[in-house]
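Remarks on the overall topology
The lines below spell out each chain.
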Amino acid sequence: FWSPDGKTLAFVSTAEGFLKRIDLAGGAPQKLCDAPVFEGGDWNREGVILYSSDGILYRMAASGGTCSAVTRADPAKERHTFPHFLPDGRSFLYVVRSPDSNVAGVYASSLDAPERRTKVIGGNTKALFAPPLDGRPGFLLFLRDRTLVAQRFDPDTFALEGDPVTLAERIRV
């Protein structure tokens, strides 16, 4: 995943199990932390990296250092994966994988109060937020069955608005 300015790339060295970063201007990769089972990450404008390893979301400074758990989960019941920052850089979406269909879904939370979470979409799907442009609303893009849909989404209230619009059908994942 990219830094917000697009000048640095964060990646996982699967052979070593480390999350690393490399500046596109050159230089050697810098080890940031252990990430033995990497399941997605994102980087905000404040220099915070949010990533999933082994079913838990962690945060750390993009410059490296200590990482700390943001979410807590019993891995036998649920896994927290694929974090995605919303425009304010404090709120984020993430996927909860669970055998319990009442728990599985896309949730929204905040770095300021990660224990409070809001279920946005049910099911085992990922979602990305497409921010507003030219006065248009922002949209959440996600799969419903094998159909890619977009639905208006308010990143301040974590609420979907209106009906979803079909973008593409018969998507293979």
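Residues numbered from 1 in each chain as written. Predicted model: local features only at pLDDT ≥ 70, side-chain atom pairs only at ≥ 80, totals over all residues. Heavy atoms only, no water.

**Focus: the pairing of strand E2 (residues 18-23)**
Basically, it comes down to this: A pair of strands counts as paired when DSSP detects no fewer than two bridges linking them. For the purposes of this entry, the term helix denotes a DSSP run of H or I that reaches at least four residues, the term strand denotes a run of E that reaches at least two, and both are numbered from the N terminus.
As paired strands, strand E1 (residues 8-13) and E2 are joined by six bridges and run antiparallel to one another. Considered in E2, the bridge of Thr8 is made with Asp23. In sequence, E1 turns back onto E2 through a hairpin of four residues, with Gly17 there showing a positive phi of about 75 degrees. Bridging between E2 and strand E3 (residues 30-34) involves four bridges; their strand directions are antiparallel. Bridging across to E3, Leu19 finds its partner in Cys33. Linking E2 back to E3 in an antiparallel pair, the connection comprises six residues, with Gly26 at a positive phi of about 125 degrees.

**Digging into the sheet that holds strand E10 (residues 105-110)**
Here is the rule: Simply put, an axis is a line fit to the C-alpha atoms, just over the touching stretch for a helix, and the angle between two N-to-C directions goes from 0 to 180 degrees.
With respect to topology, four strands assemble into an open sheet ordered E8-E9-E10-E11, the strand pairing being antiparallel. On the outer flanks of this sheet lie strand E8 (79-85) and strand E11 (118-122), each paired with one strand and no other. Pairs of neighbouring strands in the sheet enclose a mean axial angle of 30 degrees, with direction left out of account. Summarising the sheet, E10 and E11 pair through four bridges and their orientation is antiparallel. Opposite Val106, over in E11, you have Ile121 as the bridge partner.

**Describing the pattern of salt bridges**
Here is the rule: We define a salt bridge as a side-chain nitrogen of Lys or Arg found within 4 Å of a carboxyl oxygen belonging to Asp or Glu. Exposure is judged per residue with a 1.4 Å probe applied to protein chains only, and the accessible area is read against the type maximum: over 50% gives exposed, under 20% gives buried, and values in between give partly exposed.
Tallying each qualifying case throughout the model produces eight salt bridges. Measuring nitrogen to oxygen at the nearest pair gives 3.0 Å for the salt bridge that ties Glu39 to Arg79. Here Glu39, found in strand E4 (residues 38-43), pairs with Arg79, found in strand E8; they are 40 residues apart in sequence, far enough to count as distant. For Glu39, a relative accessible area of 16% corresponds to the buried category. With a closest N to O distance of 2.7 Å, Arg90 and Asp112 form a salt bridge. With a gap of 22 residues between them, Arg90 in the loop between E8 and strand E9 (91-97) and Asp112 in the loop between E10 and E11 connect regions that are remote in the sequence. The exposure class assigned to Arg90 is partly exposed, which follows from its relative accessible area of 22%. Given a relative accessible area of 56%, Asp112 falls into the exposed group.

**Structural notes on the packing of aromatic side chains**
Counted only if it meets this: Only Phe, Tyr and Trp rings are paired, with Trp represented by its six-membered ring, and only when their centres lie within 6.5 Å; those with planes under 30 degrees apart are stacked, over 60 edge-to-face, the remainder tilted. Both a distance and an angle decide whether a charge sits over a ring: NZ of Lys or CZ of Arg must be within 6 Å of the ring centre and within 35 degrees of the ring normal.
Going through the model one piece at a time under the given rule, you end up with five aromatic pairs. Aromatic pair Phe129 and Phe153: ring centres 5.8 Å apart, planes at 65 degrees, arrangement edge-to-face. Here Phe129 is found in strand E12 (residues 127-130), whereas its partner Phe153 is found in strand E14 (residues 147-154), with 24 residues between them in sequence. You'll find Phe129 and Phe153 in the same group, each marked buried. Sitting over the ring of Tyr107, Arg117 keeps its end group 4.3 Å from the ring centre. The ring of Phe82 has Lys126 sitting right over it, with the charged end atom 4.1 Å from the ring centre.

**Considering the side chain of His84**
Heads up, the rule is: In the analysis that follows, any N or O atom pair within 3.5 Å is treated as a polar contact, provided that within protein one partner can donate a hydrogen and the other can accept it, and provided that, for residues neighboring in sequence, both atoms belong to side chains. In this analysis, two residues are considered to be in contact whenever any of their non-hydrogen atoms come within 4.5 Å of each other.
Within the fold, His84 resides in strand E8. Of the residues examined, His84 reaches a relative accessible area of 16% and is grouped as buried. For His84, the side chain forms a polar contact with the main-chain nitrogen of Phe129, separated by 3.2 Å. Those residues in contact with His84 that lie beyond four places of it in its chain are Asp42, Phe92, Leu93, Leu128 and Phe129.

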